[in-house]
Amino acid sequence: KGFVDASLLKVVVYRDLTDSLVNQPGHAADLQKIKDWIKASTIIDEMKKVSDKQMLKNFSSSISSIKTPEYKNALNKTLATLLKFGKGDMAADFTAVDVNGNTVKLSNLRGKVIYVDLWATWCGPCLAEMPHYEELKTKYKDNPGITFVSLSIDDNISLWKGSVANRKAGGYQWLINRNKLDAYNIVSIPRVLLIDKNFKMVDMNAPAPSSKKLPGLINELLK
């Protein structure tokens, strides 16, 4: 009771309780700010799932409904950043390392459809997708028009190499520092990047290996 205090939004566990807190009595200004935080958080999560620039522009009306200036400004800045790079743009190149410690570049795969599966050893949902990822590679193993990259954002190289070895995972197994992927706005994983033969972005949140929609999308790009 009497716990509605917008200044406490800086505390993670307080933010976890916002849905119930807005139903408690409190000062109107605090309640409005908490409600705006909930709405802004939802908007930003949804924006980061979209790579189509025209669809992103549709978020402007939702952002304008936010009354708290700092949240509105933060959303507008995020939207502006997302509009700089997305579907149809040339893929942002990056450098990673393979299991042998060799430096590799995404652009070296230009000319093929590129399916980049982002994961980490600490990500349970990512590991759950691994069997589907291997099935996907097997399905297209005789098609030279597509290549698959398993890209880990692990901080611990030993854990990464151990996981790859234990699963006897073949093909492109790369490791990268998440900071080198700024253009792709990697907030959470699992995440899939899909790039066409012209090295242009098709989707920065492409279907996961287990998705039934994925084969149809890949086949269309291979035409």
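The rules we used
- Starting afresh in each chain, residues are numbered from 1 along the sequence in its written order.
- Side-chain atom pairs in this predicted model are given and counted only at pLDDT of 80 or more, local residue features only at pLDDT of at least 70, and totals for whole chains, interfaces and linings cover all residues.
- Side-chain numbers here rest on the full set of heavy atoms in the structure, without hydrogens or water.
- Strands here are runs of E lasting at least two residues and helices are runs of H or I lasting at least four, both read from the DSSP assignment and numbered beginning at the N terminus.
- Only protein chains enter the area calculation, which uses a 1.4 Å probe; residues under 20% of their type maximum are buried, those over 50% are exposed, and those in between are partly exposed.
- Here, residues are in contact when the closest pair of their heavy atoms is within 4.5 Å.
- Two N or O atoms form a polar contact when they lie within 3.5 Å of each other; inside protein one atom must be a possible hydrogen donor and the other a possible acceptor, and for residues adjacent in sequence the pair counts only when both atoms belong to side chains.
- Note on pairing: two strands pair once DSSP finds at least 2 bridges between them.
- A clockwise course of the path from the first strand over the helix to the second, judged with the strands pointing away from the viewer, identifies a crossover as right-handed.
- Two rings belonging to Phe, Tyr or Trp (six-membered ring only in the last case) form a pair when the distance between their centres is within 6.5 Å. Interplanar angles under 30 degrees mark stacking, angles over 60 mark edge-to-face geometry, and anything in between is tilted.
- Either the NZ atom of lysine or the CZ atom of arginine qualifies as a charge over a ring when it sits within 6 Å of the ring centre and within 35 degrees of the ring normal.
- Axis definition: a line fitted to C-alpha atoms, over the contacting stretch in the case of helices. Angles run 0 to 180 degrees between N-to-C directions.

Enquirer: Would you mind showing me how to read the environment of R178 here?
Expert: Relative to the assigned elements, R178 resides in the loop between β5 (172-175) and β6 (191-195). R178 sits in the partly exposed class, given a relative accessible area of 32%. For the pair R178 and I153, spaced 25 residues apart in sequence, the C-alpha to C-alpha distance is 5.6 Å. Excluding residues within four positions of it along the chain, R178 makes contact with W122, I153, I186 and V187. Within the structure, the side chain of R178 is placed 3.4 Å from the backbone oxygen of I186, a separation counted as a polar contact.

Enquirer: Honestly, the pairing of β5 in this entry has me stumped. Any pointers?
Expert: Consecutive side chains of a regular strand alternate in pointing toward one face of the sheet and then the other. With two bridges connecting them, strand β1 (residues 95-98) and β5 associate as antiparallel partners. Within β5, the position partnered with V97 by the bridge is L175. Bridge count for strand β4 (residues 146-152) against β5 is four bridges, and the pairing is parallel. Residue pairing for β5: L151 is matched across the bridge by W174. Traced from β4 through helix α8 (residues 157-166) to β5, the parallel crossover comes out right-handed.

Enquirer: Would you take a moment to explain the packing of aromatic side chains for this structure?
Expert: To describe a pair of aromatic rings, you give the distance between the ring centres and the angle between the ring planes. Under the definition given, this model contains seven aromatic pairs. Seen in terms of ring centroids, F3 and Y14 are 5.4 Å apart; in terms of plane orientation they differ by 70 degrees. Their pairing is edge-to-face. One end of the pair, F3, is in the segment before α1 (12-15); the other, Y14, is in helix α1, and eleven residues separate them in sequence. Residue F3 is classed as partly exposed on the basis of its relative accessible area, which comes to 43%. Since its relative accessible area comes to 3%, Y14 is described here as buried. Among the aromatic side chains, those forming a connected cluster through ring pairs are Y115, Y133, Y140 and F148. The ring of W119 carries R167 above its face, with NZ or CZ at 5.0 Å from the centroid.

Enquirer: What am I meant to see in the sheet that holds strand β3 (residues 113-119) here?
Expert: Strand-to-strand pairing in sheets goes through backbone hydrogen bonds, with the strands running parallel or antiparallel. The strand order across the open sheet built from seven strands is β2-β1-β5-β4-β3-β6-β7, with neighbouring strands paired in mixed fashion. This sheet does not close on itself; its edge strands, each paired only once, are β2 (103-105) and β7 (201-203). With direction set aside, neighbouring strand axes in the sheet form an average angle of 35 degrees. Packed on one face of the sheet, helix α7 (residues 124-139) meets β3, β4 and β5 and runs near 160 degrees to β3.

Enquirer: Please explain unusual backbone geometry as it appears in this structure.
Expert: With the exception of glycine, most residues fall at negative phi, and the peptide bonds are largely trans. A cis amide bond links I189 with the next residue in sequence, P190, at an omega value of 5 degrees. Along the polypeptide, P190 turns up in the loop between β5 and β6. Its identity as a non-glycine residue notwithstanding, K168 has a phi of 50 degrees, on the positive side. The topology assignment puts K168 in the loop between α8 and β5. K168 gets classed as exposed once you look at its relative accessible area, which sits at 75%. Located in the positive-phi region is F199, a residue other than glycine, with phi close to 65 degrees. Note that F199 resides in the loop between β6 and β7. Overall, the relative accessible area of 2% leaves F199 in the buried class.

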